[in-house]
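# Overview (structure and organization)
This is what each chain is made of:
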Amino acid sequence: MWLGQEEPPFQTCLPESSNRPKAPTPMITLRSYVLDQWHTGTGDPAVLVNATTEEAIAQCNSEGIDFQAVLNHARQKGGPALRAMSFAERGKLLKGMSAALQEHREELIDLSIQNAGSTRGDAKFDIDGATGTLAAYAYFAKQLSGGEYLVDGEGVQLGRTARFWGEHLRVPRLGAAVHINAFNFPAWGQMEKVACAFLAGVPVIEKPGTATALVAWRTAEILVESGLLPEGSFQFICGSTGDLLDRLEAQDCMAFTGSSGTGAKLKGNSNVVQRNVRVNIEADSLNAAVLGPDTDPDSESYDLFLQNVALDMTQKTGQKCTAVRRILVPADRVDEVAEDLIATLQRTRVGDPSDSKNRMGPLSSAAQFRDVQEGIRRLQEHADTLCGGPEPIAEKGFFVAATLLKARDSSHPLFHSDEVFGPVATLLPYDGSAEEAIRLANLGGGGLVASLYSNDSAWCREVILGIGPWHGRVWVGSDRMASQSLPPGMVLPAMIHGGPGRAGGGEELGALRGLEFYMQRVAVQGFRGNLKAAFPAHAAEETAASSS
Ligand code: NAP
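Residues numbered from 1 in each chain as written. Predicted model: local features only at pLDDT ≥ 70, side-chain atom pairs only at ≥ 80, totals over all residues. Heavy atoms only, no water.

Evaluation of the coordinates by the stated rule reveals zero disulfides. As a non-bridged cysteine, C321 has C196 as the owner of its nearest cysteine sulfur, 15 Å distant. When its relative accessible area of 15% is taken as the criterion, C321 is described as buried. (Disulfide = S-S within 2.5 Å. Buried < 20%, exposed > 50% of the residue type's maximum accessible area, 1.4 Å probe, protein only.)

Model confidence for the protein chain is summarised by a mean pLDDT of 93, while 93% of its residues fall at 70 or above. Here residues 1-10 scores under 50 on pLDDT; set against residues more than four positions off or in separate chains, the count is 21 contacts. Below pLDDT 50 for its whole length, residues 542-548 participates in 14 contacts with residues either more than four positions away or in separate chains. (pLDDT = per-residue confidence, 0-100. Contact = heavy atoms within 4.5 Å.)

Take the nonpolar core next. With 67 residues, the main nonpolar core has L30, L94, M97, Y137, F198 and Y518 as its most contacted residues. Within the residue set of this core, elements represented by two or more residues are strand 6 (56-60), helix 2 (87-103), helix 3 (105-116), helix 4 (120-141), helix 5 (188-200), helix 6 (213-226), strand 12 (234-236) and strand 13 (253-257). Of all the elements, helix 4 adds the most residues to this core, at ten residues. Filtering out sequence-adjacent residues up to four positions away, L30 remains in contact with L48, A58, Q59, C60, A213, L214, W217 and C238. The next biggest cluster of nonpolar side chains, apart from the first, holds 34 residues, and it includes A310, I342, L345 and F399. (Core = buried A, V, L, I, M, F, W, Y, C linked by side-chain atoms within 4.5 Å. Helix = DSSP H or I, 4+ residues; strand = E, 2+ residues; numbered from the N terminus.)

Lining the immediate environment of the ligand, one finds 25 residues, of which N181, T210, S259, T262 and H497 sit closest. Measuring from an oxygen atom of the ligand, one finds a backbone N or O atom of F183 at 3.1 Å. S259 is positioned with one of its side-chain polar atoms (N or O) 2.6 Å from an oxygen atom of the ligand. Burial of the ligand by the surrounding chains reaches 79%, relative to a free accessible area of 900 Å². (Near = heavy atom within 4 Å. Polar contact = N/O pair within 3.5 Å; in protein donor to acceptor, adjacent residues only side chain to side chain. Areas by Shrake-Rupley, 256 points an atom, 1.4 Å probe, with all protein chains shown as cover.)

How big an interface is tends to be expressed through the accessible area that disappears when the partners come together. Looking at the protein chain, the domain boundaries give domain 1 (66-283 + 507-547) and domain 2 (284-502). For domain 1 versus domain 2, the separation of C-alpha centres amounts to 30 Å. Residue-level contacts link 31 residues of domain 1 with 31 residues of domain 2. Summed over both partners, the interface of domain 1 with domain 2 comes to about 2,300 Å²; 60% of that surface belongs to carbon and sulfur atoms. One can count zero salt bridges joining domain 1 with domain 2. At the surface where domain 1 touches domain 2, the tally comes to nine residue pairs in polar contact (both at pLDDT 80 or more). For the side of domain 1 that touches domain 2, the secondary-structure elements that each account for two or more residues are helix 3, helix 4 and strand 24 (508-509). Element by element, the count of residues in the side of domain 1 that touches domain 2 is highest for helix 4, at eight residues. For the side of domain 1 that touches domain 2, a count of residues per class yields 13 nonpolar, eleven polar and seven charged. (Domains from an automatic or database assignment. Buried area = accessible area lost by both parts, 1.4 Å probe. Salt bridge = Lys/Arg side-chain N within 4 Å of Asp/Glu carboxyl O. Nonpolar A, V, L, I, M, F, W, Y, C, P; charged D, E, K, R; others polar.)

With that settled, the discussion passes to helix 2. Helix length check: helix 2 (17 residues) gives 24 Å between terminal C-alpha atoms against 24 Å at 1.5 Å per residue, within 8%. Buried within helix 2 we find F87, R90, G91, L93, L94, G96, M97, S98, A100 and L101. (Expected span 1.5 Å × (residues − 1).)

A separate point is the pairing of strand 15 (residues 287-291). Most of strand 15 is tucked away, with five of its five residues classed as buried. Burial along strand 15 is two-sided: N287, A289 and L291 and A288 and V290, pointing in opposite directions, are all buried. Across four bridges, strand 15 lies against strand 16 (residues 324-330) in parallel orientation. Along strand 16, the bridge assignment pairs V290 with L328. Following the backbone out of strand 15, through helix 9 (residues 300-314) and into the adjacent parallel strand 16, one traces a crossover that is right-handed. (Pairing = 2+ DSSP bridges. Right-handed = clockwise from strand over helix to strand, strands pointing away.)

This brings us to the packing of aromatic side chains. Applying the stated criterion across every chain, the model contains 13 aromatic pairs. Measuring from ring centre to ring centre gives 5.7 Å for F125 and F185, while their planes differ by 65 degrees; the resulting arrangement is edge-to-face. With F125 in helix 4 and F185 in the loop between strand 10 (177-180) and helix 5, this pair connects stretches of sequence that are 60 residues apart. Neither residue differs from the other here; F125 and F185 are each classed as buried. Centre to centre, the rings of F517 and Y518 are 5.0 Å apart; their planes meet at 85 degrees, and the pair counts as edge-to-face. For the pair F517 and Y518, one class covers both residues: buried. Members of the aromatic cluster, each reached through a chain of ring pairs, are Y302, F305, Y453 and W475. Here the basic side chain of R333 rests over the ring of Y302, its NZ or CZ set 5.5 Å away from the ring centre. Over the ring of W165 we find R528, and its NZ or CZ is 4.4 Å from the ring centre. (Phe/Tyr/Trp six-rings, centres within 6.5 Å; stacked < 30°, edge-to-face > 60°. Lys NZ or Arg CZ within 6 Å of the ring centre and 35° of its normal.)

Structure follows, in structure tokens:
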């Protein structure tokens with residue numbers, strides 16, 4: 001239903017049954033990589049499908065893996081092998097991994113188009129994100145010398161004179177890093193965590209989201225085939241993690257990305273709790289875009305607002321943890337903004353992602369399709385539908401329309417708690433004051449990113465300080481930066497990613513800050529001369545350590 005219009009308010013080029021290839025695609029069996037060998041699961045496999053045609057394309061299963069042996073292998077082989085390397089050597093490893101994946105870029109893009117319903121642009125976002133983050137960490141490694149420790153900040157005089165001195169060091173932890181990732185970034189999600197763990201000197205056990213594991217698996221396979229990975233440094237579980245979490249110990253860590261419900265469940269694993277296994281959770285977020293009251297409709301910042309909101313709604317078909325879900329607009333401008341936003345969304349051509357003209361493909365899986373349809377229906381109970389809706393828009397494939405709604409009551413809890421993980425956002429009218437913007441943005445209970453669009457620096461300052469405690473990142477769009485800006489949905493390796501509360505309470509990336517999770521900070525106290533001789537900090541390292 002398109003607001004009573006006969007034609008949908010966007011361009012479509014949707015696949016029809018008759019256009020589909022006749023020859024069945026051969027089924028690929030995805031394997032796990034454990035103990036430096038490929039393992040084919042023995043149980044009933046999970047089936048992965050082409051999100052456009054719904055054809056089964058791959059299967060995976062992890063039964064038969066001895067998870068204690070996997071952990072032992074990481075701790076006993078992988079950790080020592082990585083820690084025997086200097087930071088510079090680990091940086092070179094990351095650079096080599098980035099180059100190996102880059103060589104297979106086109107193949108990975110094709111797999112992403114098939115399995116995840118990604119358009120070519122969406123696929124590049126994931127795959128170039130993976131190679132780019134590995135390369136960025138190879139670059140950050142150049143700031144570091146040695147390999148056994150990092151000096152953390154300035155030393156401190158503890159005694160009457162400087163003889164009795166204190167330093168903080170960071171040393172690599174001795175366990176394994178278990179990485180459990182979401183379906184929506186099978187390449188980037190995997191590699192942004194690996195980059196930090198490897199540079200810190202910690203081996204990885206990776207478990208990707210099953211629905212899109214084809215790209216994650218091929219990424220793993222390319223890296224294994226490259227011959228670059230030290231023995232035991234990288235293991236890959238395609239399917240269930242079995243009793244892995246029940247076997248974690250105090251030096252291990254678990255970094256999870258996914259829904260807040262699963263995150264809470266895994267964090268609450270009794271073994272993880274009892275042994276104080278270090279946990280980082282990256283969960284969901286009702287990201288807000290806030291249009292400031294001063295933003296002129298003819299300004300560059302207003303254009304930027306429209307482009308970014310439309311991009312966030314449609315890029316990866318809205319399956320992006322940083323995508324805008326709540327659009328705060330001064331109440332007296334809501335109608336005009338809705339009209340402009342619908343016009344911008346209309347320019348996004350929806351259809352078969354293998355056609356390079358299309359800019360939005362289907363959702364990634366049948367489960368996602370069902371969840372998004374149900375989510376839109378829940379929102380519709382409290383909001384007016386301005387375009388789109390929950391109805392399927394193609395005969396086959398998991399296609400929904402970009403859906404823009406307008407809240408009847410901007411404070412209704414549903415808009416601030418229900419993440420509909422698809423091309424869906426709701427306009428929330430507000431009175432334009434910094435106070436009201438802060439109140440509404442913070443109702444999200446913790447966000448990954450909030451974007452502000454305003455040239456009024458005093459208004460921005462008040463909002464930044466007001467929402468800062470509840471957000472991991474605040475992005476400020478204005479006329480002066482519009483021509484150079486990268487969109488707020490883009491996570492950059494130099495900046496931290498994560499957010500408090502609902503967003504998981506975690507933190508990743510942020511240049512060398514990303515290594516902290518994998519290292520133990522230890523305070524060392526003693527004779528200053530001895531400490532300085534034993535743990536010299538080179539100029540570059542000192543700068544790096546104190547900045548992180
Ligand atoms: P999910 O259903 O919570 O699953 C996340 C991961 O956890 C998957 O690998 C899943 O494996 C695994 N998992 C589920 N139950 C498990 C268990 N009992 N033991 C071990 N692993 C288990 O989330 P999703 O649907 O993949 O991803 C979408 C969500 O992720 C959205 O809410 C989005 O906001 C969030 N997300 C957050 C970020 C961030 O950086 N903050 C980034 C991307 C996505 P299976 O696939 O095999 O079930």
